[in-house]
Amino acid sequence: EKGGFASFMEKEIFDQPAAVADTLLGRSDAYGHLTLDELRISPEELASVTKIVVLACGTSAYAGSVAKYAIENWCRIPVEVELSHEFRYRDPIVDSNTLVVSISQSGETMDTLMAVRYAKEQGAKILSICNTNGSTIPRESDAVLYTHAGPEIAVASTKAFLAQITATYLLGLYLAQLRGNLFTGQIKDILADLGKIPAKIQEILDRAEEIKSLARSMQDTESVLFLGRHVGYPVAMEGALKLKEIAYIHAEGFAAGELKHGPIALIDEGKPVFVVVPSPRGRDSLHSKVVSNIQEVRARGAKTLVIAENGDEAVREFAEFLFYVPETPTLLMPLLATVPLQLFACELATVKGLDVDQPRNLAKSVTVE
Ligand code: F6R
């Protein structure tokens, strides 16, 4: 069943070109027009939304964080992302002009279900992004946008994450189309870039050995830091989460801009630090800020492990290890930059002889609060 892979997790990482392609399939036409037929909220209602609140936990919440950057950029609607359990136990402000987007692979996560029920009581419209047909959260929602990643067996989420990010992009583009925030030509271009993502993920997978051999050389590592800015920030958080949950290695992700506000004190000789670098073709200041962050940690002895875009020469001299991902617009970059971090965690856990698919203390769906 594992198709020759050492674990379901590894197989699912390699399933990702299909997970993204299948999630995109049939949801737009050649003219860049999106049709999300399964949404049961009317276009008029969606067009009148004044605020989006994303509710999710764990990896799914990081997909929500990526969505914030894209949806705010494309639709100019404020997007808040909140952990379901935190949302539920304060007095959140939602009303009938709020669109709540829940993201859950299983559709059964109790924290998210309770948050959704609460938001619904307050009059919010609920749209759920879910990977499991007919599960509880989509059944209780006004609308559902299914991710087509296929069943995810490994406890650690991989292909569902990329499919969730893809679904949020579709939602963002659909809202931009309804509200007239983007021209059809712009939507078409972004859809074309999205359409190229599966082949680009495959290119990364074809070079898996580069990152796997790095992982094998780091078996005795006790702590790894991950930093990123902008959409690279949730990617860093996700990279850290994968490493803690399956390899039981202390890992922390943080926003690169926070370094000087505290975390830089953690850097000492040989401390491994992954840095997710945005495209040098994107906003110039963003790229150069991250390059200076790499220099800052490197100057303090860090072992810099850099994920950057093909052709980014500026990072080379500061990178102890460098993994290039194919070119794509910055907002779509998480679909590529996450993959080497998943491979790293998976290989490290595998060489440590751990149960990659069933890490200790964790369950695939958390059906208790
Ligand atoms: C991490 C992981 C968890 C889940 C979280 C939410 O690899 O799998 O953090 O993402 O428990 O689960 P769902 O998406 O099923 O609501």
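As the structure is a computational prediction, the values presented were derived from the model and not from experiment.

K.L.:
For the sheet that holds strand 3 (residues 98–104), give the residues involved together with the corresponding values.
P.N.:
As summarised here, the arrangement of the five strands in space is 2-1-3-4-5, forming an open sheet in which the pairing is parallel. Every interior strand has two partners, whereas the edge strands, strand 2 (79–83) and strand 5 (143–146), have only one. Pairs of neighbouring strands in the sheet enclose a mean axial angle of 20°, with direction left out of account. Alignment of strand 1 (residues 51–56) against strand 3, held across five bridges, turns out to be parallel. Of the residues in strand 3, the one forming a bridge with V54 is V101. The sheet strands contacting helix 4 (residues 58–75) are strand 1, strand 2 and strand 3, and the helix crosses strand 2 at an angle near 170°.

K.L.:
Any chance you could break down the nonpolar core for me, citing the residues and the numbers?
P.N.:
It is characteristic of soluble globular proteins that their nonpolar side chains tend to be buried jointly. Within the largest apolar cluster, 92 residues are counted, with the highest numbers of intra-cluster contacts made by I52, W74, L243 and F274. Apart from the residues within four sequence positions on either side, I52 is in contact with I71, I77, P78, V79, E80, L99, V101 and L175. Counting 20 residues, the second-largest nonpolar core is a separate cluster that includes I267, V297, A302 and V306.

K.L.:
Which residues make up the layout of surface pockets, and what are the values?
P.N.:
Volume-wise, the largest pocket comes out at about 560 Å³. Forming the boundary of the largest pocket are 25 residues, of which C57, G58, T59, K364 and V366 lie nearest the centre. Listing elements by their share of the lining of the largest pocket, those giving two or more residues are helix 4, strand 3, helix 6 (110–121) and helix 12 (232–247). For the lining of the largest pocket, the per-class residue count stands at eight nonpolar, 12 polar and five charged. Each pocket or cavity is described by its volume, and for the second largest pocket that value is around 210 Å³.

K.L.:
Got a sec to walk through the packing of helix 8 (residues 159–179) against helix 9 (residues 184–195)? Specific residues and values, please.
P.N.:
Two numbers describe how helix 8 lies on helix 9: the axes approach to 11 Å, and their chain directions differ by 170°. It follows that helix 8 is roughly antiparallel to helix 9 by the angle criterion. Every residue of helix 9 that contacts helix 8 at Y169, L170, L173, A176 and Q177 is listed here: I187, I190, L191 and L194. Looking at the contact of helix 8 with helix 9 residue by residue, the class counts come to eight nonpolar, one polar and no charged.

K.L.:
How would you sum up the packing of helix 12 against helix 14 (residues 334–351)? Please name residues and give values.
P.N.:
Direction vectors running N to C along helix 12 and helix 14 enclose 15°, while the axes themselves pass 9 Å from each other. Between helix 12 and helix 14, the angle falls in the class roughly parallel. Crossing of helix 12 against helix 14: the hand is right-handed. Seen from helix 12, the contacting residues are V235, E238, G239, K242, L243, I246 and A247; seen from helix 14, they are P334, A337, T338, L341, F344, A345, C346, L348 and A349. Tallied by class, the residues present in the contact of helix 12 with helix 14 amount to 12 nonpolar, two polar and two charged.

K.L.:
Explain the sheet that holds strand 8 (residues 272–276) to me, using residue names and the numbers behind them.
P.N.:
Reading across from one edge, 7-6-8-9-10 is the order of the five strands in this open sheet, with parallel pairing throughout. Bordering the open sheet on either side are strand 7 (250–255) and strand 10 (321–325), each of which pairs with just one other strand. Across the sheet, the mean angle separating the axes of adjacent strands is 15° when strand polarity is ignored. The sheet contact formed by strand 8 and strand 9 (residues 303–309) spans five bridges and is parallel.

Analysis parameters
Residues numbered from 1 in each chain as written. Predicted model: local features only at pLDDT ≥ 70, side-chain atom pairs only at ≥ 80, totals over all residues. Heavy atoms only, no water. Pairing = 2+ DSSP bridges. Helix = DSSP H or I, 4+ residues; strand = E, 2+ residues; numbered from the N terminus. Axes fitted to C-alpha atoms, helices over the stretch in contact; angles between N-to-C directions. Contact = heavy atoms within 4.5 Å. Core = buried A, V, L, I, M, F, W, Y, C linked by side-chain atoms within 4.5 Å. Buried < 20%, exposed > 50% of the residue type's maximum accessible area, 1.4 Å probe, protein only. 1 Å grid on protein atoms, 1.4 Å probe; cavity = no way out; pocket = protein on both sides within 12 Å on 5 of 7 lines; lining within 4 Å. Points joined across faces, edges and corners; volume = space filled by probe spheres on them. Nonpolar A, V, L, I, M, F, W, Y, C, P; charged D, E, K, R; others polar. Parallel < 35°, antiparallel > 145°, perpendicular 65-115°, else oblique. Left-handed = near helix turned anticlockwise from the far one by under 90°.

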